[in-house]
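Structural overview for review
Residue-level listing of the chains:
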Amino acid sequence: MNIYDGMMYPLEKKWLAEKREWLMRYVKGEVLEIGYGTGSNFKFMNTDAIHHITALDTSENDIVRNDLPIHFVTGSVEALPFENDFFDTVIETLVLCSVNELERSISEIARVLKPGGTFVYMDHVLPNDAGLAKAFKVVNPLWSKIANGCQLVRTPKSLFERYNLKIVEGHSVGKGIFDYGIAIKFA
Ligand SMILES: C[S@@+](CC[C@H](N)C(=O)[O-])C[C@H]1O[C@@H](n2cnc3c(N)ncnc32)[C@H](O)[C@@H]1O
């Protein structure tokens, strides 16, 4: 187990793995996963439903999955090197907290997704609970310095509709700290 997976293990066990498994049921066709990291979602993907996966991250990660049709690309979600309306599914889990340009990232995700295509997302967000939200805001400046720019105070889903992404099934877990769900790109 590498360091990231080791640190995430308690959260994965308590909340995230089950949600990933549910999310990956919606993944099909020509797939893009942005910020794949250590490949935590790969093991839940259904190879029968998937034509091809493009996995993009800012740095190369040493992951071998011979049972999946994956093509690894180094790049940034803020400038995706793909045509408009290309993918049936775009996956983003725990990435939008740390991108440099949140709105541009969402706009790029929507651009490369086909009309009617599925955006599968999971993010940690600013919780609705006033007390927790206040604590997140206080801790955020220090946290973002020690955690590679990760922001605790974002709410990416509030921007989805601006880019034609309509949430058809959205959930929250862990006292509102994590949002996850499925959005469809409308034309
Ligand atoms: C917290 S990890 C999440 C990894 C994985 N998606 C998961 O659910 O466990 C964030 C990942 O996003 C990647 N990342 C951060 N900013 C990015 C960007 N602008 N474009 C693409 N990937 C990015 C990081 O390199 C890292 O692998």
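Definitions and limits used
- Residues numbered from 1 in each chain as written.
- Predicted model: local features only at pLDDT ≥ 70, side-chain atom pairs only at ≥ 80, totals over all residues.
- Heavy atoms only, no water.
- Phe/Tyr/Trp six-rings, centres within 6.5 Å; stacked < 30°, edge-to-face > 60°.
- Helix = DSSP H or I, 4+ residues; strand = E, 2+ residues; numbered from the N terminus.
- Buried < 20%, exposed > 50% of the residue type's maximum accessible area, 1.4 Å probe, protein only.
- Pairing = 2+ DSSP bridges.
- Axes fitted to C-alpha atoms, helices over the stretch in contact; angles between N-to-C directions.
- Contact = heavy atoms within 4.5 Å.
- UniProt positions renumbered as here; feature names shortened; annotations may be inferred.
- Near = heavy atom within 4 Å.
- Polar contact = N/O pair within 3.5 Å; in protein donor to acceptor, adjacent residues only side chain to side chain.
- Nonpolar A, V, L, I, M, F, W, Y, C, P; charged D, E, K, R; others polar.

1. Comments concerning the packing of aromatic side chains
Per the stated rule, a full pass over the model turns up 11 aromatic pairs. Arranged with centres 5.7 Å apart and planes meeting at 85°, the rings of Trp22 and Tyr180 form a pair that is edge-to-face. With Trp22 in helix 1 (residues 3-24) and Tyr180 in strand 7 (residues 178-185), the pair connects residues that are 158 residues apart, well separated along the chain. Judged on exposure class, the residue Trp22 and its partner Tyr180 are both buried. Taken together, the aromatic side chains of Trp22, Tyr26 and Tyr180 make up a single cluster linked through ring pairs.

2. Observations regarding the sheet that holds strand 2 (residues 50-57)
As summarised here, the arrangement of the 7 strands in space is 3-2-1-4-5-7-6, forming an open sheet in which the pairing is mixed. This sheet does not close on itself; its edge strands, each paired only once, are strand 3 (70-74) and strand 6 (165-173). Across the sheet, the mean angle separating the axes of adjacent strands is 15° when strand polarity is ignored. With 4 bridges joining them, strand 1 (residues 29-34) and strand 4 (residues 87-93) adopt parallel strand pairing. Bridge pairing in strand 4 links Leu32 to Val90. In this fold helix 2 (residues 102-112) packs onto strand 1, strand 4, strand 5 (113-124), strand 6 and strand 7, with an angle of close to 145° to the strand it touches most, strand 5.

3. A short note on the UniProt feature "domain: Methyltransferase type" (unreviewed entry) in the protein chain
Sites flagged by UniProt as "domain: Methyltransferase type" (unreviewed entry) map to residues 32-120. Annotation note: span residues 32-120, helix share 12%, strand share 35%, distance between end C-alpha atoms 10 Å.

4. With respect to the site of the ligand
As a matter of local geometry, the ligand sits amid 18 residues, with Arg20, Gly35, Asp57, Glu78 and Thr93 nearest to it. One of the side-chain nitrogen or oxygen atoms of Thr58 is found 3.3 Å away from an oxygen atom of the ligand. In the environment of the ligand, a nitrogen atom lies 2.8 Å from a nitrogen or oxygen atom belonging to the side chain of Glu78. Secondary structure elements with two or more residues in the shell around the ligand: helix 1 and strand 2. Partitioned by chemical class, the residues of the shell around the ligand number 7 nonpolar, 8 polar and 3 charged.

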